[in-house]
Amino acid sequence: MRSPRPTRRRGPRRFAALLLSVAATLFPTASPAGAAAPPPVPGTLQGYDIGSVFSAGVSSGGYMATQLHVAYSGTFEGSAAFASGPYDCARGQLATALNACMDTTQNLQLATLEQTTRDRSAQGQVDPVANLAGDPVYVFSGSGDTTVKRPVADALADYYGRFGARVRYDRSTAAGHAWITPLGPNSCTVTQTPFLNNCRIDAEGALLGHLFGSVAAPGSGTGGSLIRFDQNAYAPGGSAAALSMGSEGFAYVPASCAQGARCKLLVALHGCKQGYAYQGFGTRFVENAYLNEYADTNDMIVLYPQAAPTSTLENPNGCWNWWGYLGDASYARHGGKQIEAIMGMVRALRGTGTPPPTGDRTVLSSTDSEDGYVKAAADGSGAAVGTLEDAYGLALGRGTDGRVNRSVVSFDTSRIPAGKEVSRAWLTVTRSSASGDPWASPAGNRLQVDLRTGCFGGCAVEPADWSAAATVAGAARVEAFTSGSAVSTDLSAEALAALNRGGVTQFRLGFASAPTGTAYLFVNQATPVTLTVEYR
């Protein structure tokens with residue numbers, strides 16, 4: 001039951017210690033002044049009229065910008081990267097990151113990276129690679145960059161070319177390892193904090209012109225609002241710190257976008273040692289990247305997510321996750337914790353995600369040992385437990401064998417704090433792969449969520465779960481989605497009351513009508529389903 005996803009519309013401790021040592025040598029400290037910018041104001045990410053989404057970043061942020069573009073090419077329509085290399089260059093190994101993706105003492109194996117991308121696309125772990133054809137990509141490398149050497153950036157340009165992207169590659173300066181900006185306090189060739197270098201060129205005008213097709217002259221960068229928001233609201237599991245992300249992120253919203261204009265969204269990703277929480281670095285990248293100035297005159301919202309350092313050797317410099325730290329094996333594809341956090345922010349700005357909570361909340365992950373799926377004939381006869389969960393995820397809809405799949409997920413809802421009134425709850429599921437459109441087979445089909453106080457039978461999935469009685473049938477539904485994660489509608493009042501505050505609550509997901517032909521999706525291969533519960 002393998003199928004590509006639908007196309008879009010349009011590390012060991014010794015290596016960690018080595019990385020810390022290398023970074024300390026290459027990145028001495030300094031305290032440059034910031035540019036004029038509106039002061040940050042506390043707020044939340046609201047929905048705006050956003051037509052297109054792009055990513056940009058430097059160094060580790062450049063790697064993350066590429067990961068976002070490749071993993072969610074159905075959302076991102078182009079990308080820009082300063083001083084970084086091709087998608088998943090590190091392949092989960094810090095030694096490879098150091099020796100092949102920064103230095104050139106190890107072959108980065110570009111053909112292997114290309115094939116890995118194609119394989120992940122076929123398996124639904126990233127969006128279809130066909131989306132990348134024609135996408136604008138801007139690559140920058142300075143000849144003075146000894147941190148990420150020129151051949152590594154060459155490989156990034158080559159990588160995108162293999163998928164038919166329209167690459168503009170700027171190799172014209174002797175820049176050091178930095179984001180290049182007219183507001184940079186550093187001279188062009190140095191590599192030192194704040195890693196914002198002035199090379200007497202307008203790299204932002206060049207990259208935005210390439211991404212957008214054309215760009216208006218920049219303004220003052222002070223005509224909009226700089227919103228400071230809570231990143232915990234978008235972190236899988238509810239803790240940004242657990243992902244090596246800061247508690248605070250920023251978004252610059254021009255007045256035109258706030259007033260309802262059709263706008264573009266640029267996700268701008270700082271590099272190592274440039275995050276808000278890194279040793280008092282603050283908003284220097286946000287203020288000096290020379291993006292807010294273009295935002296004012298080009299109807300562009302700029303989202304500035306923030307990575308943060310760990311107190312351990314995993315990520316002491318607050319880099320974005322491009323080598324698989326903190327045990328996140330999915331860091332470069334669907335289900336990657338930082339990727340999904342940023343995607344949650346993007347959806348919130350587009351008005352397509354669940355807004356952050358208005359009160360206290362608990363985010364519960366489903367119990368893997370009790371999750372699974374059951375297949376049966378359309379009338380429920382011949383039910384059997386599905387066997388492909390480990391390989392593909394939880395199945396929903398009609399498979400190639402003609403059987404209809406329903407999935408069961410289990411939560412320990414005793415973790416909802418005692419004495420609190422539950423005011424709202426919803427499920428979040430992540431698409432892994434699919435074939436056909438079960439929401440359209442038959443037309444208007446619904447993916448509904450049934451709730452059982454306790455377990456449908458035994459808590460481990462069993463054949464009888466396919467048709468076992470629910471405590472609340474149709475407790476919620478999940479609307480059609482073609483990539484990434486989706487949130488259900490809020491659980492009904494009856495379902496909220498049926499949550500088992502003393503133990504397990506199970507949910508069964510299944511289409512209300514059996515699809516008329518092969519039409520299915522797999523969900524949550526690499527990550528658990530989550531249940532978010534708000535209470536007061």
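Whatever comes next refers back to the structure up there.
The notes below deal with the structure included here. (Residues numbered from 1 in each chain as written. Predicted model: local features only at pLDDT ≥ 70, side-chain atom pairs only at ≥ 80, totals over all residues. Heavy atoms only, no water.)

Quick word on empty space enclosed by the protein
Put simply, the second largest cavity is a space of about 80 Å³. Split by residue class, the lining of the second largest cavity holds one nonpolar, nine polar and two charged. (1 Å grid on protein atoms, 1.4 Å probe; cavity = no way out; pocket = protein on both sides within 12 Å on 5 of 7 lines; lining within 4 Å. Points joined across faces, edges and corners; volume = space filled by probe spheres on them. Nonpolar A, V, L, I, M, F, W, Y, C, P; charged D, E, K, R; others polar.)

Comments concerning the state of the cysteines
Inspection of the entire model under this criterion finds five disulfides. Here Cys-257 pairs with Cys-263 through a disulfide, and the sulfurs are 2.1 Å apart. Note on the Cys-257 and Cys-263 pair: the S-S dihedral is about -105°, so by sign convention the disulfide is left-handed. Shown here is the disulfide that connects Cys-272 with Cys-319, its sulfur atoms set 2.0 Å apart. Measuring the twist about the S-S bond at about 120°, one finds the Cys-272-Cys-319 disulfide to be right-handed. Of this pair, Cys-272 sits in the loop between strand S11 (263-269) and helix H8 (284-288) while Cys-319 is found in the loop between strand S12 (300-304) and helix H10 (337-350), placing the two residues 47 residues apart along the sequence. Like Cys-319, Cys-272 is buried. (Disulfide = S-S within 2.5 Å. Helix = DSSP H or I, 4+ residues; strand = E, 2+ residues; numbered from the N terminus. Buried < 20%, exposed > 50% of the residue type's maximum accessible area, 1.4 Å probe, protein only.)

Structural notes on the sheet that holds strand S8 (residues 196-198)
Within the open sheet, the three strands sit side by side as S6-S8-S7. Their pairing is parallel. Looking at the sheet topology across the chains shown, the edges are occupied by strand S6 (179-180) and strand S7 (186-187). As paired elements, S7 and S8 share two bridges and run parallel to each other. Its bridge partner being in S8, Asn-186 is matched across the sheet by Asn-197. (Pairing = 2+ DSSP bridges.)

Some thoughts on the environment of Gly-344
Among the secondary structure elements, Gly-344 is positioned in helix H10. Expressed as a C-alpha distance, the spacing of Gly-344 and Phe-212, which sit 132 residues apart in the sequence, is 23 Å.

Some words on the packing of helix H2 (residues 60-71) against H10
Between H2 and H10, whose axes approach to 11 Å, the crossing angle comes to 75°. Taken together, H2 and H10 sit at an angle that is classed as roughly perpendicular. Mapping the contact onto sequence places Met-64, Gln-67, Leu-68 and Ala-71 in H2 and Gln-338, Ile-339 and Ile-342 in H10. Split by residue class, the contact of H2 with H10 holds five nonpolar, two polar and no charged. (Axes fitted to C-alpha atoms, helices over the stretch in contact; angles between N-to-C directions. Parallel < 35°, antiparallel > 145°, perpendicular 65-115°, else oblique. Contact = heavy atoms within 4.5 Å.)

Considering the packing of aromatic side chains
In this structure the tally under the stated criterion is 21 aromatic pairs. Centre to centre, the rings of Phe-285 and Tyr-304 are 6.3 Å apart; their planes meet at 85°, and the pair counts as edge-to-face. Of this pair, Phe-285 sits in helix H8 while Tyr-304 sits in strand S12; the two residues are 19 residues apart in sequence, bridging distant segments of the chain. No difference in accessibility class separates Phe-285 from Tyr-304, as the two residues are buried. For the ring pair Trp-323 and Tyr-325, a centre distance of 5.2 Å and an interplane angle of 70° mean the geometry is edge-to-face. Looking at Trp-323, the relative accessible area reads 3%, which means it is buried. (Phe/Tyr/Trp six-rings, centres within 6.5 Å; stacked < 30°, edge-to-face > 60°.)

Structural notes on the pattern of salt bridges
One pass over the structure, following the stated rule, counts 14 salt bridges. The partner of Asp-401 in a salt bridge is Lys-375, and the shortest N-O contact between them spans 2.8 Å. Remark: Lys-375 occurs in strand S14 (residues 372-376) and Asp-401 occurs in the loop between strand S16 (394-398) and strand S17 (404-412); sequence separation between them is 26 residues. Using a relative accessible area of 40% as the deciding quantity, one classes Asp-401 as partly exposed. Note on Lys-375: relative accessible area 16%, which makes it buried. Between Asp-450 and Arg-508 there is a salt bridge, with its nearest N and O atoms 3.1 Å apart. Here Asp-450, found in strand S19 (residues 447-453), pairs with Arg-508, found in strand S22 (residues 504-511); they are 58 residues apart in sequence, far enough to count as distant. Owing to a relative accessible area of 6%, Arg-508 belongs among the buried residues under this scheme. One connected set of salt bridges, linked through shared partners, spans Glu-114, Arg-118, Asp-158 and Arg-162. (Salt bridge = Lys/Arg side-chain N within 4 Å of Asp/Glu carboxyl O.)

Digging into the pairing of S22
Of all eight residues making up S22, seven are buried, and the element is well covered by its neighbours. Bridge count between S17 and S22: six bridges; the pairing is antiparallel. Note on S22: the bridge partner recorded for Ser-410 is Gln-506. As defined by bridge partners, S19 adjoins S22 across seven bridges and the pair is classed as antiparallel. Paired with Leu-451 across the strands is Phe-507, a residue of S22.

Looking at H10
In a regular helix each residue adds 1.5 Å, so 14 residues correspond to 20 Å; H10 covers 20 Å between its end C-alpha atoms and thus fits that length. Of all 14 residues in H10, 12 are buried, a share of seventy percent or more. One or two positions beyond H10, positive phi appears at Gly-351, with a value near 75°. (Expected span 1.5 Å × (residues − 1).)

Digging into the sheet that holds S11
Pairing within the open sheet is mixed, and its nine strands lie in the order S1-S9-S10-S12-S11-S2-S3-S4-S5. The open sheet terminates on both sides in strands that have one partner only, identified here as strand S1 (41-42) and strand S5 (166-170). Pairing of strand S9 (residues 225-230) with strand S10 (residues 248-253) involves six bridges; the strand directions are antiparallel. Looking across to S10, one finds that Leu-226 is bridged to Tyr-252.

Looking at helix H6 (residues 203-212)
Taken across its 10 residues, H6 has 10 buried, putting it largely inside the fold. The set of residues buried in H6 consists of Ala-203, Glu-204, Gly-205, Ala-206, Leu-207, Leu-208, Gly-209, His-210, Leu-211 and Phe-212. One or two residues past the end of H6 sits Gly-213, with phi positive at roughly 100°.

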